[in-house]
Amino acid sequence: MNREKAQRRFIFICLAPAVILATIFIFIPTINVFRMSLYRMGGITNKKSFVGFSNFVKLMDDKNFLEAMQNSILIIVMVMICTIVLAFAALLSRGNFRGKNFFRIIFYIPNILSIVVIAGIFGAIYNPSTGLLNTFLDAIHLSGLKHQWMGDPSIVIYSVIFALVWQAIGYYMVMYMSSMAAIPEDLYEAASLDGATEIQIFFQVTLPLIWSNIRTTLTFYIISTINLSFLFVQIMTDGGPNGKTEVFLNYMYKQAYGAGVYGYGMAIGVVVFLFSFILAAVVNKITDREVLEF
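Note that the structure is predicted; figures quoted are calculated from it, not measured. Starting from 1, residues in each chain are numbered consecutively following that chain's sequence as written. Note on the predicted model: pLDDT of at least 70 is required for a residue's local features to be given, and 80 or more for side-chain atom pairs to be given and counted; whole-chain, interface and lining totals, by contrast, use all residues. Computation of side-chain values: all heavy atoms of the structure, hydrogens and water removed.

**Student:** Would you mind going over the pattern of salt bridges with me for this structure?
**Tutor:** When the charged atoms of two side chains with opposite charge come close together, those side chains can pair. For this analysis, a salt bridge means a side-chain nitrogen from Lys or Arg found within 4 Å of a carboxyl oxygen belonging to Asp or Glu. Applying the stated criterion across every chain, the model contains five salt bridges. The shortest N-O distance in the salt bridge between Lys146 and Asp138 comes to 3.0 Å. Per-residue accessibility, obtained with a 1.4 Å probe over protein chains only, is compared with the maximum for each type, and a residue is labelled buried under 20%, exposed over 50%, and partly exposed between these values. On the basis of relative accessible area, Lys146 is assigned to the partly exposed category, the value being 32%. One salt bridge connects Glu246 with Lys254, and the closest N-O pair in it is separated by 3.3 Å.

Spelled out as structure tokens, the structure:
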């Protein structure tokens, strides 16, 4: 009995700091966001008035918010698809070819760079007069494809998406590579002896055995893309031109701390929280399948 009490005491002591920190910095602030979304208030004074769900009703008629929501969904979908497809280039690690480790390093470098540095790099690349992209198009005699990459409303969102994909691909490639490294080589050899092609091996062997890892990364995609898109947009375009790159959190920040309608900004925060939670739950449910073991 004394030993069981000692074990419970040890577990409590180990968990207590994490629980206290999570309560102070996660649970209490989240509850306060929900509470403040029900008030009309500024971010400087203590004056506030209870308005119930009026802030949420107002959101449904806010065209700028709806456009920010569309942009956020487009970024999440595009970044998820592009990053997953490109990250599966890690399959090349199964083969032995010259420069394999060099390409791994090149893919992973963006993940160790600061967001600010990456945004600055792409700001220089997209510069219409001295940027690398337009200069390269000139060099290969494709001047007709030159654009104001950060100023053209029709393509600026895709310029931001490309930067996000470039930043994320290395991290997920390493995650998939680590999962693939745990798959016994004799499974691949058996599949090859049965006459399976590389594509068949991927769908019949590799994909099912790393599926649990893919499910985890899909949830992380949603959360990280919502957060990172705010940082990239804030640094690269600040939502412009004409709101074409406005996203959830960028619009929330402008409303709460720019326009001074703090309660309205917190209502946007609640919508973002619920959207992220529901989307992650839906994706988790859709991708649910029996876990295969080896």
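Having seen the model, we can carry on.
**Student:** Explanation requested: the nonpolar core in the structure shown.
**Tutor:** General note: in soluble globular proteins, nonpolar side chains tend to be found buried as a group. In this structure, Leu59, Phe88, Tyr176 and Ile268 are the most contacted members of the largest nonpolar core, which totals 44 residues. When contributions to this core are tallied by element, the ones reaching two or more residues are helix H2 (54-60), helix H3 (63-87), helix H7 (156-181), helix H8 (185-193), helix H9 (198-209), helix H10 (211-236), helix H11 (248-258) and helix H12 (262-286). Going along the chain from the N terminus, every DSSP run of H or I of four or more residues is numbered as a helix, and every run of E of two or more is numbered as a strand. With nine residues, the top contributor of residues to this core is H12. Beyond its immediate sequence surroundings of up to four residues, Leu59 is in contact with Phe65, Leu66, Tyr264, Ala267, Ile268 and Val271. Nine residue types can take part in a nonpolar core, namely buried Ala, Val, Leu, Ile, Met, Phe, Trp, Tyr and Cys, and a core is a set of them joined through side-chain atoms within 4.5 Å. By definition, residues are in contact when any of their heavy atoms lie within 4.5 Å.

**Student:** Mind showing me how you'd approach the environment of Pro153 here?
**Tutor:** Structurally, Pro153 can be placed in the loop between helix H6 (132-139) and H7. Separated by 90 residues in the primary sequence, Pro153 and Gly243 have C-alpha atoms spaced 8.7 Å apart. Setting aside residues up to four positions removed in sequence, Pro153 forms contacts with Pro241 and Lys244.

**Student:** Please clarify how the packing of H11 against H12 should be interpreted in this entry.
**Tutor:** For any two helices packed against each other, the geometry comes down to the angle between their axes and how far apart the axes lie. Interhelical geometry of H11 versus H12 gives an angle of 160 degrees and a closest axis separation of 7 Å. In terms of orientation, H11 lies roughly antiparallel with respect to H12. Crossing handedness for the pair H11 and H12: left-handed. Residues Phe248, Leu249, Tyr251, Met252, Gln255, Ala256 and Tyr257 of H11 pack against Tyr262, Tyr264, Gly265, Met266, Ile268, Gly269, Val272 and Phe275 of H12. Side-chain classes follow a simple rule in which Ala, Val, Leu, Ile, Met, Phe, Trp, Tyr, Cys and Pro form the nonpolar group, Asp, Glu, Lys and Arg form the charged group, and the remainder, Gly included, forms the polar group. For the contact of H11 with H12, a count of residues per class yields 12 nonpolar, three polar and no charged. Axis lines are fitted through C-alpha atoms, for helices just across the contact stretch, and the angle between N-to-C directions can take any value from 0 to 180 degrees. In these notes the angle categories are as follows: under 35 degrees is roughly parallel, over 145 is roughly antiparallel, 65 to 115 is roughly perpendicular, and the rest is oblique. Crossing handedness follows the turn of the near helix against the far one: under a right angle anticlockwise gives a left-handed crossing, and clockwise gives a right-handed one.

**Student:** So what exactly am I meant to see when it comes to the packing of aromatic side chains here?
**Tutor:** How two aromatic rings sit relative to each other is given by the distance of their centres and the angle of their planes. Here the aromatic set is Phe, Tyr and Trp, taking the six-membered ring for Trp, and pairing holds for ring centres within 6.5 Å; pairs whose planes are under 30 degrees apart are stacked, those over 60 apart are edge-to-face, and all others are tilted. All chains considered together, the criterion is met by 16 aromatic pairs. Taking 4.1 Å as the distance between ring centres and 35 degrees as the angle between the ring planes, the aromatic pair formed by Tyr172 and Tyr221 counts as tilted. Taken together, the positions of Tyr172 in helix H7 and Tyr221 in helix H10 put the pair 49 residues apart, joining distant regions of the chain. Note on Tyr172: relative accessible area 3%, which makes it buried. Here Tyr221 falls in the buried class, since its relative accessible area comes to 1%. Through pairs of rings, three or more aromatic residues link up here, namely Phe122, Tyr126, Phe162 and Trp166. The ring of Tyr39 carries the charged tip of Lys48 above its face, separated from the ring centre by 4.8 Å. Sitting over a ring, as applied to charges here, requires NZ of Lys or CZ of Arg to be within 6 Å of the ring centre and within 35 degrees of the ring normal. We note Lys58 situated over the ring of Tyr264; from NZ or CZ to the ring centre the distance is 4.6 Å.

**Student:** Sorry, what's going on with unusual backbone geometry here?
**Tutor:** Negative phi values dominate among residues other than glycine, just as trans dominates among peptide bonds. Omega for the peptide link from Gly240 to Pro241 comes to -5 degrees, which places this bond in the cis form. Among the secondary structure elements, Pro241 is positioned in the loop between H10 and H11. Look at Asp238: it is not a glycine, yet its phi comes out positive at around 55 degrees. By the secondary structure assignment, Asp238 is in the loop between H10 and H11. Positive phi values are uncommon outside glycine, yet Asn242 reaches one of about 55 degrees. Its place among the elements puts Asn242 in the loop between H10 and H11. Classification of Asn242 as exposed rests on a relative accessible area of 68%.

**Student:** What am I meant to see in the side chain of Thr287 here?
**Tutor:** Counting through the fold element by element, Thr287 comes out in the segment after H12. A polar contact of 3.2 Å, which involves the side chain of Thr287, links it to the side chain of Arg215. Once residues within four sequence positions are removed from consideration, Thr287 is found in contact with Trp211, Arg215 and Leu218. Pairing of N or O atoms within 3.5 Å defines a polar contact, subject to two protein rules: one partner must be a possible hydrogen donor and the other a possible acceptor, and residues neighboring in sequence count only if both atoms are side-chain atoms.

**Student:** Help me out: how do you make sense of a nonpolar patch on the surface in this one?
**Tutor:** Surface patches are defined over residues having more than 30% relative accessible area and no salt bridge, joining like charges when they lie within 9 Å and nonpolar side chains (Val, Leu, Ile, Met, Phe, Trp, Tyr) when within 5 Å. Methods summary: accessible areas were calculated by the Shrake-Rupley approach with a probe of 1.4 Å, and residue burial reflects only the protein chains presented. On the surface, Phe102, Phe103, Ile105, Ile106, Phe107, Tyr108, Ile109, Ile112 and Val174 cluster together into a nonpolar patch covering about 810 Å² of accessible area. In terms of residue count, helix H4 (residues 100-112) provides more of the nonpolar patch than any other element does, eight residues in total. Within the secondary structure, Tyr108 is located in helix H4. Of the residues examined, Tyr108 reaches a relative accessible area of 31% and is grouped as partly exposed.

**Student:** Would you take a moment to explain the environment of Asn46 for this structure?
**Tutor:** Turning to its location among the elements, Asn46 is positioned in the loop between strand E1 (39-41) and strand E2 (48-50). Along the primary structure Asn46 and Asn71 are separated by 25 residues, whereas in three dimensions their C-alpha atoms are 33 Å apart.

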